[in-house]
Amino acid sequence: MRAWHNQMQRMIDEIDACIRAHEDEKTTLDALSRSLGYSAFYISRRFRGISGMQFRDYLRYRRLAFALEEVRDTQRGLLEIALDYGFSSHEAFTRAFREAYGVTPSAYRRHPAPVALRTCLRPFDCYLIGKGEYGMMKDTEDVKTYFVTIPAHKFLHIRNYESIGFWDFWQKQNRIPGQDCETICALLAGVRGKLDDLGEGGMSSGSGQIIAYINEPTGRICSWGIPQAEAFGARLPLDWQGEIPPQMQLMDVPEGEYIVFEHGPFDAEKESGAVEEKIEAAMKVFDYPASGYALDLTPGRVFYFYHDPKRYFKYVRPVKRSGQ
């Protein structure tokens, strides 16, 4: 099953690369089935099981998602965008866009409110299947520890006051209408201006979607003895003025000092658990008194967690000068 999930992730990544390069001939079901070594019928059936939609519908929605970003972020003509993403006319593009997002491209350009992109697929995610792999580590960088000052910003998110860990967080959120993983990730994918957004898909921090822990008096007592709420969302510029989805909340995060525990690139499937253990150990033994800092447990301060296998695995923890 895991081998199949990896193959599906490879196919999804290849589809995105071909759409970006406007190589439509490489995104056909026949071409992708030859690349993966499965029959077109088998891939179509299994893909529908993961995505909940026909393969051809996924391709159409994925092209629309890329087109939406250009409508939102550029001043290119709508017909030019339509033709680039496989639509025969401005009218055909408008019909498909309105069917997918409930608004025309021109209206969306005037008022780019968050919309669910409908194509956030996660065939393999060690957190959402409930466990990480604890395989042998490759020769990678050790955990780096350093201090940074992060400017004031906003954090758009949902939060849970009772969850323990990312797996449990989504188990609980998925029971709340409109706050399930698929809906929240899709809405965040449509938010413009995310500070951590590198254009990557899924739940990687490179997509601008990150995990956080907020010091919160009504939250669950965490492992270091303070009440926290677990959250999932996106950091935004301090002057962000977009529309807030009704199931989310927006908080101001003031400028502050942080300590970062960071590991370099790693194999997401085989090493996530081992890397996390290594970082947890580094955080446990760090000598705060010798550094002149202490963890800042003031209500409202935020701990951020980044999981981006291509770049790093890191915890960002708020600190204050000792004695403050």
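Before any of the text, the structure's been laid out above.
Predicted model, so just to flag it, every value in this text is computed and none were measured. (Residues numbered from 1 in each chain as written. Predicted model: local features only at pLDDT ≥ 70, side-chain atom pairs only at ≥ 80, totals over all residues. Heavy atoms only, no water.)

We now examine the overall build of the protein chain. Counting its regular elements, the protein chain contains 11 helices and nine strands. Considering only contacts within the protein chain whose residues lie at least 6 apart along the sequence, 72% involve residues at least 24 apart. Total accessible area computed for the protein chain in this model is approximately 15400 Å², and 52% of it derives from carbon and sulfur atoms. (Helix = DSSP H or I, 4+ residues; strand = E, 2+ residues; numbered from the N terminus. Contact = heavy atoms within 4.5 Å. Areas by Shrake-Rupley, 256 points an atom, 1.4 Å probe, with all protein chains shown as cover.)

Ranked by size, the top nonpolar core spans 33 residues in total, and within it Trp170, Phe232, Phe261 and Ile279 carry the most contacts. Looking at this core element by element, the count peaks at five residues for helix 9 (residues 181–189). In this structure, Leu32, Tyr61, Leu64 and Ala100 belong to the second largest nonpolar core, which totals 32 residues. (Core = buried A, V, L, I, M, F, W, Y, C linked by side-chain atoms within 4.5 Å. Buried < 20%, exposed > 50% of the residue type's maximum accessible area, 1.4 Å probe, protein only.)

Moving on to helix 8 (residues 166–173). Buried within helix 8 are the following residues: Phe166, Asp168, Phe169, Trp170 and Gln173. For helix 8, the elements touching its buried residues are strand 2 (153–160), helix 9, strand 3 (210–221) and strand 4 (227–236).

By the element assignment, Gln173 lies in helix 8. Among the polar contacts listed, one links the side chain of Gln173 to the side chain of Gln179, at a separation of 2.8 Å. Once residues within four sequence positions are removed from consideration, Gln173 is found in contact with Ile158, Arg159, Asn160, Gln179 and Asp180. (Polar contact = N/O pair within 3.5 Å; in protein donor to acceptor, adjacent residues only side chain to side chain.)

A few words on the pairing of strand 2. With respect to burial, strand 2 is a largely interior element, eight of its eight residues being buried. Burial along strand 2 is two-sided: His153, Phe155, His157 and Arg159 and Lys154, Leu156, Ile158 and Asn160, pointing in opposite directions, are all buried. Two elements, strand 2 and strand 5 (residues 249–253), share five bridges in a ladder whose sense is antiparallel. Residue pairing in the sheet places Leu156 in a bridge with Leu250 of strand 5. Two elements, strand 2 and strand 4, share seven bridges in a ladder whose sense is antiparallel. By the bridge assignment for strand 4, Arg159 is matched with Ala231. (Pairing = 2+ DSSP bridges.)

This part is about the packing of aromatic side chains. Counted according to the given criterion, the structure contains 16 aromatic pairs. When the ring of Phe97 is compared with that of Tyr108, the centres are 5.9 Å apart and the planes differ by 55°; the resulting orientation is tilted. Of this pair, Phe97 sits in helix 6 (residues 90–101) while Tyr108 sits in helix 7 (residues 105–110), and the two are 11 residues apart along the sequence. Judged by relative accessible area, which is 0%, Phe97 ranks as buried. Take Tyr108: its relative accessible area is 1%, and that puts it in the buried class. Taking 6.3 Å as the distance between ring centres and 50° as the angle between the ring planes, the aromatic pair formed by Phe313 and Tyr315 counts as tilted. This pair shows no difference in class: Phe313 is buried, exactly as Tyr315 is. Cluster of aromatic residues (ring-pair linked, three or more members): Phe87, Phe93, Phe97, Tyr101 and Tyr108. Above the face of the Tyr61 ring, Arg60 is positioned so that its terminal group lies 5.0 Å from the ring centre. (Phe/Tyr/Trp six-rings, centres within 6.5 Å; stacked < 30°, edge-to-face > 60°. Lys NZ or Arg CZ within 6 Å of the ring centre and 35° of its normal.)

On to helix 2 (residues 29–36). By the burial criterion, the buried members of helix 2 are Ala31, Leu32, Ser33 and Leu36. Downstream of helix 2 by a residue or two, Gly37 has a phi angle that is positive, lying close to 85°.

With that settled, consider the packing of helix 4 (residues 55–73) against helix 6. Two elements in contact, helix 4 and helix 6, have axes whose closest approach is 11 Å; the angle formed by their N-to-C orientations is 100°. Here helix 4 lies roughly perpendicular to helix 6, going by the angle between them. On helix 6, the residues touching Arg60, Tyr61, Leu64, Ala65, Ala67, Leu68 and Val71 of helix 4 are Phe93, Ala96, Phe97, Glu99, Ala100 and Tyr101. When its residues are assigned to classes, the contact of helix 4 with helix 6 shows 11 nonpolar, no polar and two charged. (Axes fitted to C-alpha atoms, helices over the stretch in contact; angles between N-to-C directions. Parallel < 35°, antiparallel > 145°, perpendicular 65-115°, else oblique. Nonpolar A, V, L, I, M, F, W, Y, C, P; charged D, E, K, R; others polar.)

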